[in-house]
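The lines below spell out each chain.
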Amino acid sequence: EADIYQTPRYLVIGTGKKITLECSQTMGHDKMYWYQQDPGMELHLIHYSYGVNSTEKGDLSSESTVSRIRTEHFPLTLESARPSHTSQYLCASSEERGGNYGYTFGSGTRLTVV
Amino acid sequence: QKEVEQNSGPLSVPEGAIASLNCTYSDRVSQSFFWYRQYSGKSPELIMSIYSNGDKEDGRFTAQLNKASQYVSLLIRDSQPSDSATYLCAVSNFNKFYFGSGTKLNVKP
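Sequence order as written defines the numbering, with residues in each chain counted from 1. Ligands are numbered from 1 and chains lettered from A, in the order in which they are written. Note on the predicted model: pLDDT of at least 70 is required for a residue's local features to be given, and 80 or more for side-chain atom pairs to be given and counted; whole-chain, interface and lining totals, by contrast, use all residues. Only hydrogens and water are removed before side-chain values are computed, so all heavy atoms of the structure are retained for them.

Undergrad: With reference to specific residues and values, describe the overall build of chain A.
TA: Note on conventions: DSSP H or I runs of at least 4 residues are helices, E runs of at least 2 residues are strands, and numbering of each starts at the N terminus. Each helix and strand counted, chain A has 0 helices and 11 strands in total. Along chain A, from the amino end to the carboxyl end, the secondary structure elements read β-β-β-β-β-β-β-β-β-β-β. For 114 residues, the compact-globule estimate of 2.2 N^0.38 gives 13 Å, and chain A sits close to it at 13 Å. Throughout, a contact is declared for two residues whenever any of their heavy atoms are within 4.5 Å. Residue pairs at least 24 apart in sequence account for 55% of intrachain contacts in chain A once pairs closer than 6 positions are excluded. The globule rule is 2.2 Å times the number of residues to the power 0.38, and the radius of gyration it is compared with is taken over C-alpha atoms.

Undergrad: Tell me what's going on with the state of the cysteines, and back it up with residues and numbers.
TA: All names here are of chain B. In this description, a disulfide is simply a cysteine sulfur pair whose atoms lie within 2.5 Å. Following the criterion strictly, the structure yields 2 disulfides over all chains and no others. Here Cys23 engages in a disulfide with Cys89; their sulfurs sit 2.1 Å apart. Between Cys23 and Cys89, the disulfide has an S-S torsion of -70 degrees and is therefore left-handed. Within this pair, whereas Cys23 is found in strand 3 (residues 19-25), its partner Cys89 is found in strand 9 (residues 85-93), the two being separated by 66 residues in sequence.

Undergrad: A description of the side chain of Thr62 of chain B should follow, citing residues and the corresponding values.
TA: All names here are of chain B. Looking at the secondary structure, you find Thr62 in strand 7 (residues 61-66). Here the term buried applies to any residue with accessible area under 20% of the maximum for its type, exposed to any over 50%, and partly exposed to those in between, with areas from a 1.4 Å probe on protein chains only. What makes Thr62 buried here is its relative accessible area of 6%. In the analysis that follows, any N or O atom pair within 3.5 Å is treated as a polar contact, provided that within protein one partner can donate a hydrogen and the other can accept it, and provided that, for residues neighboring in sequence, both atoms belong to side chains. One polar contact links Thr62 to Arg77, side chain to side chain, over a distance of 2.6 Å.

Undergrad: Give a description of the environment of Lys42 of chain B that names residues and reports values.
TA: Locating Lys42 of chain B in the fold gives a position in the loop between strand 4 (32-38) and strand 5 (45-50). It is 10.0 Å that separates the C-alpha atoms of Lys42 of chain B and Ala85 of chain B, two residues lying 43 residues apart in sequence. Lys42 of chain B has contacts with Arg9 and Gln88 of chain A, leaving out every residue within four places of it along the chain.

Undergrad: Give me the pairing of strand 7 of chain B: which residues, what numbers.
TA: Residues and elements named next belong to chain B. Where strand 6 (residues 54-58) and strand 7 come together, 5 bridges link them in antiparallel fashion. In the strand pairing of strand 7, Asp55 is matched with Gln64. Should DSSP find at least two bridges between two strands, the strands are taken to pair. Counting the residues between successive antiparallel strands, the hairpin from strand 6 to strand 7 contains 2 residues, one of them, Gly59, with a positive phi of roughly 65 degrees. As defined by bridge partners, strand 7 adjoins strand 8 (residues 71-76) across 6 bridges and the pair is classed as antiparallel.

Undergrad: Talk me through the pattern of salt bridges; I want residue IDs and the actual numbers.
TA: Residues and elements named next belong to chain A. Take a side-chain nitrogen of Lys or Arg and a carboxyl oxygen of Asp or Glu: if they are within 4 Å of each other, that pair is a salt bridge. Throughout the structure, instances matching the rule amount to 7 salt bridges over all chains. Of the charged contacts, one joins Lys18 and Glu79 as a salt bridge, the two residues approaching to 3.9 Å between their closest N and O atoms. In this pair, Lys18 sits in the loop between strand 2 (10-13) and strand 3 (19-25) while Glu79 sits in the loop between strand 8 (76-78) and strand 9 (87-94), placing the two residues 61 residues apart along the sequence. Lys18 gets classed as exposed once you look at its relative accessible area, which sits at 54%.

Undergrad: Let's hear about the sheet that holds strand 1 (residues 4-7) of chain A: which residues, and what values?
TA: All names here are of chain A. Taken in spatial order, the 4 strands line up as 1-3-8-7 in an open sheet, and their pairing is antiparallel. Strands with a single pairing partner mark the edges of an open sheet, and in this sheet they are strand 1 and strand 7 (65-66). Here strand 3 runs beside strand 8; their pairing, made up of 3 bridges, is antiparallel. Note that in strand 8 the partner of Leu21 across the bridge is Leu76.

Undergrad: Quick one: what's the story with the sheet that holds strand 6 of chain B, residue by residue and with numbers?
TA: Pairing in this open sheet of 5 strands is antiparallel, and the strands run 1-3-8-7-6 (chain B) from one edge to the other. Each end of this open sheet is capped by a strand with a single partner; those strands are strand 1 (4-5) and strand 6 of chain B.

Undergrad: Lay out unusual backbone geometry with the relevant residues and their values.
TA: Following Thr7 of chain A, the chain continues to Pro8 of chain A via a peptide bond in cis, the omega torsion being -10 degrees. Here the bond from Gly9 of chain B into Pro10 of chain B is cis, since omega is 10 degrees, no more than 30 degrees from zero. One can find Pro10 of chain B in the loop between strand 1 and strand 2 (11-14). Phi angles above zero are rare outside glycine, and Asn53 of chain A is one such case at about 65 degrees. Following the sequence through the fold, Asn53 of chain A ends up in the loop between strand 5 (44-51) and strand 6 (54-57). Overall, the relative accessible area of 68% leaves Asn53 of chain A in the exposed class. Of note, Asp78 of chain B is a non-glycine position whose phi angle comes to about 50 degrees, a positive value. Within the secondary structure, Asp78 of chain B sits in the loop between strand 8 and strand 9. Exposure remark for Asp78 of chain B: the relative accessible area of 40% places this residue in the partly exposed category.

Structure, rendered in structure tokens:
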């Protein structure tokens, strides 16, 4: 079944640690996105990619980085985690024609930095 | 001015009533419009999409689009407590995709 997967589902990590949040999709979508969302708050776009070797920063400044070496894989890395990074991180993908087909979201990673 | 505006709510309706959620957008050339439902602590899920003026019905959900007035709405008939969630309006124009901040809906038994 075509889907989008995020791991881990929950992560508690100490300050200063390097972490990578994984996102993979099996739908062959060219476009992928990372959003950050605090509880009860709106979605903020932090990174997006329109294809392999293409990555861009989103509307919200973020200390994270992303890579897109394979179409299906779009990991997000924090080199040195801080308590201010505590949030939910949502990965999404869409077809090449973007908005005409809407976004499909993964189940999210809830990150807590202590 | 935000690209997509929604009343944050909460909107409270009794079980069995019609819930009406509204959204306005600023970009006149927007082409595609979506409603997402997000339960607390979960990720958004797409429930409706609409591309042309008028109404589109899917079960208890009806999306309405008026491009001249730049608004899109979602009606939920026979509201159930399980419909209690935050509803996000999203608008797309070519490569740009914008989410509203969401309207929280409470359906009271």
